[in-house]
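Now for the letters of each chain:
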Amino acid sequence: MTLSSRILALASASVLALSLSACAAPSSPAPSGVGPTPAATASADAGPVEGACADDAGVTLIVDSSALADGQREEWCVPTDGDAAATDIVSDAGVTTEGTDEYGDQVICRVNGLPTADAPVGSTEDPAYAESCATMPAAFAYWSLWVQPAGGEWGYATTGLSELTVSPGESLALLFTLDGAPASPAT
């Protein structure tokens, strides 16, 4: 191969590489520590990250609406260096909750807009039931609140979200139960 053919080959390769990079989707750097991880390490100075906390620097928050047709299970590690109000953990993760007309924020009716008011929840017990958030949700379609101490078992919260305090290393779950399933958060 002559020198001029080598230069021509390198120039062609460079043009091809530039052309291909121009076709790639634009990327912006992800914020440090953000992205799906199987076990995230929380930093008190950073915001929530996807995945369970790997240590006791934060509270793992789980929102599980997978019992609903358009629901899903999401998990975040929300950093905290001391006891925190459960409402702050939920808010810091960007999760929204809605109470009922009768009981206010003492009873969770919707989480991140689910279940919607304009569609049945999908219950076999009452196929037409849609949640209006007027009063106590139906016993077959409701949000429950769970706490898991570090290294312990899930337990049903004994207070409402607005009164609950959680500590680093603990997990907090908002779980939608439909027709009795799931009965408790998945481990």
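(A) Spotlight on the nonpolar core. Formed by 31 residues in total, the largest nonpolar core has its most connected members in L61, V63, I89, V95, L164, L172 and L174. Among the elements of the structure, strand 4 (58-64), strand 5 (73-79), helix 2 (86-92), strand 9 (141-148) and strand 12 (171-178) are those that each provide at least two residues to this core. Beyond its immediate stretch of four places on either side in the chain, V95 contacts L61, V63, W76, V90, V111 and N112. Judged by nonpolar contacts, the second largest core, of five residues, contains I62, W146, A173 and L175.

(B) Layout of the pattern of salt bridges. Applying the stated rule across the entire model yields two salt bridges. Between E75 and R73 there is a salt bridge, and its shortest N-O distance comes to 3.4 Å. Classification of E75 as partly exposed rests on a relative accessible area of 23%. Taking the shortest distance from any N to any O, the salt bridge between R110 and E98 comes out at 3.4 Å. Of this pair, R110 sits in strand 8 (residues 110-111) while E98 sits in strand 7 (residues 97-98); the two residues are 12 residues apart in sequence, bridging distant segments of the chain. By relative accessible area, which is 8% here, R110 ends up buried.

(C) Focus on the pairing of strand 12. Counting buried residues along strand 12, eight of its eight residues qualify, which places the element largely inside the surrounding structure. Side chains S171, A173, L175 and T177 of strand 12 all project onto a buried face; the interleaved residues L172, L174, F176 and L178 project onto the opposite face, where all are buried too. Pairing of strand 4 with strand 12 involves five bridges; the strand directions are parallel. By the bridge assignment, T60 is partnered in strand 12 with S171. The sheet contact formed by strand 9 and strand 12 spans eight bridges and is antiparallel. Paired with S144 across the two strands is L175, which belongs to strand 12.

(D) Seen up close, the packing of aromatic side chains. Scanning all chains against the criterion turns up three aromatic pairs. Both rings, one in W143 and one in F176, keep their centres 5.4 Å apart while their planes meet at 70°; by these two values the pair is edge-to-face. Remark: F176 occurs in strand 12 and W143 occurs in strand 9; sequence separation between them is 33 residues. Like W143, the residue F176 is buried in the burial classification. Look at W146 and Y156: their rings are 5.2 Å apart centre to centre, the planes differ by 85°, and that puts the pair in the edge-to-face class. Placement of the pair is W146 in strand 9 and Y156 in strand 10 (residues 155-156), with a sequence separation of 10 residues.

(E) Molecular detail of the layout of surface pockets. Here the largest pocket defines a volume of roughly 260 Å³. Along its surface, the largest pocket is lined by 15 residues, and Q106, I108, W143, S144 and Y156 are the ones closest to its centre. Counting residues per element, the lining of the largest pocket draws most heavily on strand 9, at four residues. Of the residues in the lining of the largest pocket, the class split is 11 nonpolar, four polar and no charged.

(F) Highlighting the side chain of T60. Positionally, T60 belongs in strand 4. Reaching out from T60, the side chain makes a polar contact with the backbone nitrogen of C53 at a distance of 2.9 Å. Apart from residues no more than four positions distant in its own chain, T60 is found in contact with A52, C53, E75, W76, E170, S171 and L172.

The rules behind each value
Residues numbered from 1 in each chain as written. Predicted model: local features only at pLDDT ≥ 70, side-chain atom pairs only at ≥ 80, totals over all residues. Heavy atoms only, no water. Core = buried A, V, L, I, M, F, W, Y, C linked by side-chain atoms within 4.5 Å. Buried < 20%, exposed > 50% of the residue type's maximum accessible area, 1.4 Å probe, protein only. Helix = DSSP H or I, 4+ residues; strand = E, 2+ residues; numbered from the N terminus. Contact = heavy atoms within 4.5 Å. Salt bridge = Lys/Arg side-chain N within 4 Å of Asp/Glu carboxyl O. Pairing = 2+ DSSP bridges. Phe/Tyr/Trp six-rings, centres within 6.5 Å; stacked < 30°, edge-to-face > 60°. 1 Å grid on protein atoms, 1.4 Å probe; cavity = no way out; pocket = protein on both sides within 12 Å on 5 of 7 lines; lining within 4 Å. Points joined across faces, edges and corners; volume = space filled by probe spheres on them. Nonpolar A, V, L, I, M, F, W, Y, C, P; charged D, E, K, R; others polar. Polar contact = N/O pair within 3.5 Å; in protein donor to acceptor, adjacent residues only side chain to side chain.

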